[in-house]
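Each chain, letter by letter, is given below.
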Amino acid sequence: MNHVQIFVGSVVHSLSLQHLEIIDDALLIVRDGRIIALGQAASEQDILQSFGIVDYDVHQLPPDDFLMPGFVDTHNHAPQYAQRGLGQGMHILDWLDKITFPNEAKFEDPAHARRIYSGCVAGFLRQGITTASYYGSRHAPATKILADECLRQGQRALVGKCNMNRNAPDFYRDESVEASVEETEDCIAHLKSIDPAGDLVRYVVTPRFAITCDNGLLARLGAIAKRDNLAIQTHFNEAEQEMKATRDLFPEFDCEADLYEHFQLLNNRSILAHCCFMSEYELDKLSVHDAGVAHCPIANMTVGGGFMTAPVRAFLRKGIEVGLGTDSGGGFSSSILDAMRQALIASNAREVATDGTDKGLSLEELFYMATLGGARVCNFDAKIGNFEVGKEFDALWISGNASGVMAPCEPEDSTRTIFEKFLMTGDDRNINKVYVRGRVVKQ
Ligand code: GUN
Ligand code: FE
């Protein structure tokens, strides 16, 4: 194909947790979906010559626009797309019983799955989420439809069938360990057939949480994840109600870290959602195993069990990777911009609660978690997360002066100021174009 796209204008991306790089007058060259050069616009002719490029499209960004890496949503329940906002304020197990399980049960019907999932993937792409880690429903056919839909629309994704063989209603429960495993293998095989190299879509082993999986199922899932070197996602220390129920079901384990470790579900491919309540012991366990955290600040403060502020500063201190999650149904927003703002609020509350020991998060840290941090949590960072040469071009073209509600850009504004205005006051109307592997997936 050898298609070359050249972008000229401002570029913002994270090099590390603390290091935000802003390049004005940047030149970013993408060939066949991959970044082959990032430099200064003044060097355009030299770079083109050095790569022997003669045929290309040039995109000149206007002064109030910039490019940034796509958002990574590390925790998202796709079937909850149509129930977002419902049951806010309920405790987690009541919310699952009353709102979520009846809703997710509808995905037994493939036509329903097709309709909701096509809207879900398009909706999250529109919000600039170029990579999502999706929980499907418990149904294999619907989960395969979700993976097909990600591939069709061009969204990078981890996709997993929810495993749940107990403590769920008869109408929404895997029949047995064997049935649950069989459906999981069916989904793994399907994903391998539609994307053999896992370029865009990969399977993620998805025990919903320990409450809905018995020991036999957890052991089988741990073995499958190990066999195929697969990502793993589950809910971890989300709320008091959930933690107590887990202790009652598994008296042999002192904490969830020990439990998941025992079943080979705690390692550097694990994406642990929420992690609201963490002892030093569990923080150390996560750190030793190099597990990642999907921080879901909106869900933590609305659904689940009150005003829960996860110890994000403690994760960062221990070197534990943190990404952001919308949680879909668990919160009220599908926007990683909203998740960043809520993460800021939660971290400020935590600063007060810890008498200043755990400082609130900076803009650099929030942006890192929304992009490179999320990519690291999902183990996609060799391919995406920032604009390092060699990575694939998953990007958002942000327009500072699009009609909407973003704080207006002033002539004297630096790129840093426009960037800050977008993060704090912009929305999807400012996300002008979305690219995944160089392909426009929202225009
Ligand atoms: N724990 C188990 N299932 C769920 C879910 O769907 N959402 C949230 N927030 N927590 C859970
Ligand atoms: Fe969740």
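For the structure itself, look to the data block above.
What you are looking at is a predicted structure, and each value in this text was computed from that prediction instead of being measured. (Residues numbered from 1 in each chain as written. Chains lettered and ligands numbered in written order. Predicted model: local features only at pLDDT ≥ 70, side-chain atom pairs only at ≥ 80, totals over all residues. Heavy atoms only, no water.)

What about the site of ligand 1?
- Taken together, His77, Gln80, Ile92, Trp95, Leu96, Arg208, Phe209, His235, Glu238, His274 and Asp327 form the complete shell of residues around ligand 1.
- In this structure, a nitrogen atom belonging to ligand 1 sits 2.9 Å away from a side-chain N or O atom of Asp327.
- Relative to its unbound accessible surface of 280 Å², ligand 1 loses 100% to contact with the protein.
- Considering each element in turn, the shell around ligand 1 owes the most residues, three residues, to helix H2 (residues 92-105).
- Classifying every residue of the shell around ligand 1 by side-chain character gives four nonpolar, four polar and three charged. (Near = heavy atom within 4 Å. Polar contact = N/O pair within 3.5 Å; in protein donor to acceptor, adjacent residues only side chain to side chain. Areas by Shrake-Rupley, 256 points an atom, 1.4 Å probe, with all protein chains shown as cover. Helix = DSSP H or I, 4+ residues; strand = E, 2+ residues; numbered from the N terminus. Nonpolar A, V, L, I, M, F, W, Y, C, P; charged D, E, K, R; others polar.)

Some remarks on helix H3 (residues 110-126)
- Spanning 17 residues, H3 covers 24 Å between terminal C-alpha atoms, matching the ideal 24 Å at 1.5 Å per step.
- Residues of H3 that are buried: His112, Ala113, Ile116, Tyr117, Cys120, Val121, Gly123, Phe124 and Leu125.
- Taken together, the buried residues of H3 touch strand E6 (71-77), strand E7 (129-135), helix H4 (140-153), strand E16 (431-436) and strand E17 (439-442).
- One side-chain oxygen at the N-terminal end of H3 lies 3.0 Å from the backbone nitrogen of Ala111; it belongs to Asp109.
- The positive-phi residue at the C-terminal boundary of H3 is Gly128, with phi of around 85°. (Expected span 1.5 Å × (residues − 1). Buried < 20%, exposed > 50% of the residue type's maximum accessible area, 1.4 Å probe, protein only. Contact = heavy atoms within 4.5 Å.)

A short note on the environment of Ala142
- Tracing the backbone through its elements, the reader meets Ala142 in helix H4.
- For Ala142, a relative accessible area of 0% corresponds to the buried category.
- Between the alpha carbons of Ala142 and Pro79 there is a distance of 9.3 Å; along the sequence they are 63 residues apart.
- In contact with Ala142, other than residues within four places in its own chain, are Phe107, Ala113, Tyr117 and Ser137.

What to know about the side chain of Ser137
- Structurally, Ser137 is set in the loop between E7 and H4.
- Ser137 has contacts with Pro79, Glu104, Phe107, Tyr117, Ala142, Thr143, Lys161, Cys162 and Tyr172, leaving out every residue within four places of it along the chain.

So, the coordination of the iron ion (ligand 2)
- Protein coordination at the iron ion (ligand 2) comes from His75 (NE2), His77 (NE2), His235 (NE2) and Asp327 (OD), with a distance range of 2.1 to 2.3 Å.
- Here the iron ion (ligand 2) is ringed by four donor atoms whose angles at the metal span 79 to 173°, and the overall shape comes out irregular.
- Counting the intervening residues between successive donors of the iron ion (ligand 2) yields the motif H-x1-H-x157-H-x91-D. Linking His75 in strand E6 with His235 in strand E11 (residues 231-236), this pair joins segments that are 160 residues apart in sequence.
- Given a relative accessible area of 1%, His75 falls into the buried group.
- For His235, a relative accessible area of 6% translates into the label buried. (Donors = N, O, S within 2.8 Å, 3.2 Å for Na, K, Ca; no water. Tetrahedral: all angles 85-135°; square planar, octahedral: opposite > 155°, others 65-115°.)

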